[in-house]
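# Remarks on the overall topology
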Amino acid sequence: MDFSGIVRVYRGALVPGRIKLQPDFVAFKASGSDGVLRVEKNTVTSAQWSRASRGYMLKLLTATNVYKFCGFQESDRTKLTEYVLKCFGVHLEEVELCVRGMNWGEVEFQGPLLRFMADKRPSLEITLNDVSNVTTGKNEVMLQFHQNDSAPVSLMEMRLHVPSVADGEEDTLQAIKDKILAKADIMEATGDAIASFGEVHCLTPRGRYTIKAYPTFLEMHGKTFDYKIPYKTVLQLILLPHNDQRNMFFVLGLDPPIRQGQTMYPFIILSFLSDEEVDITLTLTEEDIASYDGKLTKEMSGPIYEVFSRLTRALVGKKIAVPGKFKRCGYLASILSHSHFISAIRVYRQCPAVINPTPDSCTRWIRA
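Quick caveat, the model's predicted, so the values are computed rather than measured.

Time to look at the nonpolar core. Ranked by size, the top nonpolar core spans 41 residues in total, and within it Phe197, Leu252, Ile268, Leu270, Leu282, Leu296 and Leu311 carry the most contacts. At eight residues, helix α4 (residues 304-316) tops the list of elements feeding residues into this core. Those residues in contact with Leu252 that lie beyond four places of it in its chain are Leu218, Val234, Gln236, Leu237, Pro266, Phe267, Ile268, Leu270 and Thr312. By size, the runner-up hydrophobic cluster in this structure holds 24 residues, among which are Tyr67, Leu80, Phe88 and Leu92.

Structural data, given as structure tokens:
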């Protein structure tokens, strides 16, 4: 069977295309793309049918993921029921949604789905594979989600209030967190870190962190909070000297920013002593080191800020902006009761706000 005008719902984006139902798999081909999504029949654990904003939705659940296809007509249900039963060996379950607008209810886990049940019907579903991080606070579970660049609007964060429990009862807050972690697509550190830097002084977010570099992300481990920063979220790297010439600032600009409670940090500012030396041995093979086009060596030594910036530049794949030939390291300024240094840096790309631009560079002012 072949259906046209079908839309796949993927992390906030509606991907139009065609779906083909074969005896051994379901294939979806997006319009204007050569790639084909295949859902093998031996991976499907259940199938669901429900109303959607565009006609009806067919939902295929596996042990680790959920595939949602919208745009079916009500008359297609009979064909799909027979196909699902014959090929997958499961019944097509009809799910009636709660549309009363209730924002409370019971939590129910079904494979890779988190459901909020109101009047014994699902009022909201979260695909746990879309969750990038989960933390807990006082009576709260905070979820952060992977971003889809194709989606015009993305869900960034969701907070769930969990009522307190009496002494001796199961900790519902921790139980919900553990079940989400079991299915969420969270970056995990596998294998040895490429390099590790201990007790690095971080100005924002404030504290001292052990920083470990992995092939795809940077891990910051502190006494209270931990952060994992994918390299693809790093937009810019900046290296600035302090006015006293004793410290160096290394800045990572992030989008989306990291979060600590309700506070967002679009910049991570690390402080290094200018005269502190370090010797590290990277855990990369010679083949891996060669893939970085000579930017890395097996043994790296020198001032810690220089070693860290060289390693980060190679892993992130972006140039580091520096003050260049500017003689003044920073200008003391204040915003309300806070004192800052405003530094001029030279970057090799066009900037939204420039002062005295030149053909191949421009001057930008940042707060550090």
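Turning next to the sheet that holds strand β14 (residues 157-161). Sheet architecture is open: three strands sit in the order β12-β13-β14, paired in antiparallel fashion. Looking along the sheet, the strands with just one partner apiece sit at the ends: β12 (131-137) and β14. Adjacent strand axes in the sheet meet at a mean angle of 20° when their direction is disregarded. Here helix α2 (residues 172-183) sits on the sheet and contacts β12 and β13 (140-145); the angle it forms with β12, its principal contact strand, is near 165°.

On to the pattern of salt bridges. Under the definition given, this model contains 13 salt bridges. Salt-bridge contacts for Asp2 lead to Arg18; the nearest nitrogen and oxygen are separated by 2.9 Å. Here Arg18 lies in strand β2 (residues 13-21) and Asp2 lies in strand β1 (residues 2-10), a separation of 16 residues in the sequence. With a relative accessible area of 41%, Asp2 lands in the partly exposed category. Classification of Arg18 as partly exposed rests on a relative accessible area of 42%.

This paragraph deals with the packing of aromatic side chains. One pass over the structure, following the stated rule, counts 10 aromatic pairs. Arranged with centres 5.0 Å apart and planes meeting at 20°, the rings of Tyr214 and Phe217 form a pair that is stacked. Given the relative accessible area of 6%, Tyr214 is considered buried. Seen from their ring centres, Phe272 and Phe308 are 5.4 Å apart, and the 40° between their planes marks the pair as tilted. Taken together, the residues span a long stretch of sequence, with Phe272 in strand β21 (residues 263-273) and Phe308 in helix α4 at a distance of 36 residues. Taken together, the aromatic side chains of Phe3, Trp49, Tyr56 and Phe72 make up a single cluster linked through ring pairs. Sitting above the plane of the Phe25 ring, Arg38 keeps its charged end 3.7 Å from the centroid.

The step from Thr204 to Pro205 runs through a cis peptide bond, and the omega angle for that step is -10°. Tracing the sequence through the fold places Pro205 in the loop between β15 (195-204) and β16 (207-213). Cis geometry is found at the peptide bond from Asp255 to Pro256, where omega equals 5°. Here Pro256 is to be found in strand β20 (residues 247-260). Despite not being glycine, Lys120 has its phi angle at roughly 65°, a positive value. Inspection of the secondary structure assignment puts Lys120 in the loop between β10 (113-118) and β11 (121-127). Backbone geometry at Asn139 places phi at a positive 60°, although glycine is not the residue there. Counting through the fold element by element, Asn139 comes out in the loop between β12 and β13.

Attention now goes to the sheet that holds strand β9 (residues 106-110). Read from one edge of the open sheet, three strands run β9-β10-β11, paired in antiparallel fashion. Strand pairing shows two members of the sheet lacking a second neighbour, β9 and β11, which therefore form its edges. Strand-to-strand, the axes of this sheet are offset by a mean angle of 30°, without reference to chain direction. As paired elements, β9 and β10 share five bridges and run antiparallel to each other. Residue pairing in the sheet places Phe109 in a bridge with Leu114 of β10.

About the cut-offs
- Going along each chain's sequence as written, the residues are numbered from 1 onward.
- Side-chain atom pairs in this predicted model are given and counted only at pLDDT of 80 or more, local residue features only at pLDDT of at least 70, and totals for whole chains, interfaces and linings cover all residues.
- Neither water nor hydrogens contribute to the side-chain values; these are computed over all heavy atoms in the structure.
- What is meant by a nonpolar core is a set of buried Ala, Val, Leu, Ile, Met, Phe, Trp, Tyr and Cys residues, joined one to another through side-chain atoms within 4.5 Å.
- Summary of the burial criterion: residues with accessible area below 20% of their type's maximum are buried, those above 50% are exposed, and those between are partly exposed, where the area comes from a 1.4 Å probe applied to protein chains only.
- Helix and strand assignments follow DSSP, with helices taken as H or I runs no shorter than four residues and strands as E runs no shorter than two, numbered in order from the N terminus.
- By definition in these notes, contact holds between two residues if any of their heavy atoms fall within 4.5 Å.
- Note: two strands are recorded as paired if DSSP finds a minimum of 2 bridges between them.
- To get an axis, a line is fitted to the C-alpha atoms, and for a helix only the part in contact is used. The angle between two axes follows their N-to-C directions and goes from 0 to 180 degrees.
- We define a salt bridge as a contact between a side-chain nitrogen of Lys or Arg and a carboxyl oxygen of Asp or Glu at a distance within 4 Å.
- Between the rings of Phe, Tyr and Trp (Trp by its six-membered ring), a pair exists once the centres lie within 6.5 Å; its type follows the angle of the planes, with under 30 degrees stacked, over 60 edge-to-face, and the other angles tilted.
- Definition used: whenever NZ (Lys) or CZ (Arg) falls within 6 Å of the ring centre and also within 35 degrees of the ring normal, the charge is taken to sit over that ring.

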